[in-house]
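Coordinate analysis (summary)
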Amino acid sequence: VWYHKPAINEELLQSLPNLKVVASAGVGIDHLDLKLLSSYGVKVSNTPFIVSTDTADMGMALLLASSRRLVEGHEMAVSPDTEYFPADWLGVEVSGATLGILGMGKIGYKVAERAKAFEMKILYHNRNQRKKEEESAVGAVYCKKIDDLLQQSDFVLLAVNLTPQTHKLIGKRELELMKPTATLINISRGLVVDQDALVEALQNKVIRAAALDVTYPEPLPRDHPLLKLKNVIITPHIGSATKKTRWVMMEEMAESIEAGLAGLPVPREVL
């Protein structure tokens, strides 16, 4: 399964009585009905470990590009209408700023490691608090309540899995809790954010900016208001899109398929 295709629904499962294993690319499994698959005796695998480094890099890339307005700057530098560079065209500081990470799993923790090198103050919220030594290693402070993290952060980065609990986790109320100078960065899934509320918040300067590697749907309709806003960067869901990582993802998927067909334990099986 690549980019959620083909759709693994009951119709497909009934048409494939000998199906033994579904190998899905990436970490997220929100597109798969695990109970349905299990009822047909089908095993499921994903590739959760290999994608974390590249996706964390992407999170930092979006943070830096948004804070220093790289896309707008490029457009200005190459525009045939540009005659001079304005002296008051400014970005915001990254070093010393506060980064709030929602979801401190493999990807979130790797983002924290990178943010530490930028001398950022790191807050995080997670279902479970990390071990003290893990917190100390990156200088992260646990926020039991999401609201505390949102109110204090200059950058809020989303690295949670999409579940019923995280569906539209960031809505109108949460955006209004954020600083008007804050930036929202999403490297998880588009549906973690209420997109209509985000458009409204960006238009009304409730928050400063957003940098999104994920949206819903993907791609957005060409007339979507998010595509018209200057304070938004959108990339085409490329968190894991490097040659090495995609190659290893394919190898891991093939390994899981071979094991499933041979009746062996499936590596990286999702239970």
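The following paragraphs examine the structure supplied in this document. (Residues numbered from 1 in each chain as written. Predicted model: local features only at pLDDT ≥ 70, side-chain atom pairs only at ≥ 80, totals over all residues. Heavy atoms only, no water.)

**Structural notes on the packing of aromatic side chains**
- Counting across every chain of the model gives 2 aromatic pairs.
- Ring centres 6.2 Å apart and planes at 80° place the aromatic pair Trp 2 and Tyr 3 in the edge-to-face group.
- An angle of 55° between the planes, with centres 5.2 Å apart, marks the rings of Tyr 124 and Tyr 142 as tilted. Placement of the pair is Tyr 124 in strand β4 (residues 121-125) and Tyr 142 in strand β5 (residues 140-142), with a sequence separation of 18 residues.
- On the accessibility criterion, Tyr 142 (23% relative accessible area) is partly exposed. (Phe/Tyr/Trp six-rings, centres within 6.5 Å; stacked < 30°, edge-to-face > 60°. Helix = DSSP H or I, 4+ residues; strand = E, 2+ residues; numbered from the N terminus. Buried < 20%, exposed > 50% of the residue type's maximum accessible area, 1.4 Å probe, protein only.)

**Considering the packing of helix α3 (residues 51-67) against helix α5 (residues 106-117)**
- One can describe the packing of α3 onto α5 by two numbers: an axis separation of 8 Å at closest approach and a directional angle of 50°. By the angle class used here, α3 and α5 are oblique. Handedness of the α3/α5 crossing: right-handed. On the side of α3, the interface is formed by Ser 52, Thr 53, Thr 55, Ala 56, Asp 57 and Met 60, while α5 contributes Lys 106, Ile 107, Lys 110, Val 111, Arg 114 and Ala 115.
- A class-by-class count of the residues in the contact of α3 with α5 yields 5 nonpolar, 3 polar and 4 charged. (Axes fitted to C-alpha atoms, helices over the stretch in contact; angles between N-to-C directions. Parallel < 35°, antiparallel > 145°, perpendicular 65-115°, else oblique. Left-handed = near helix turned anticlockwise from the far one by under 90°. Contact = heavy atoms within 4.5 Å. Nonpolar A, V, L, I, M, F, W, Y, C, P; charged D, E, K, R; others polar.)

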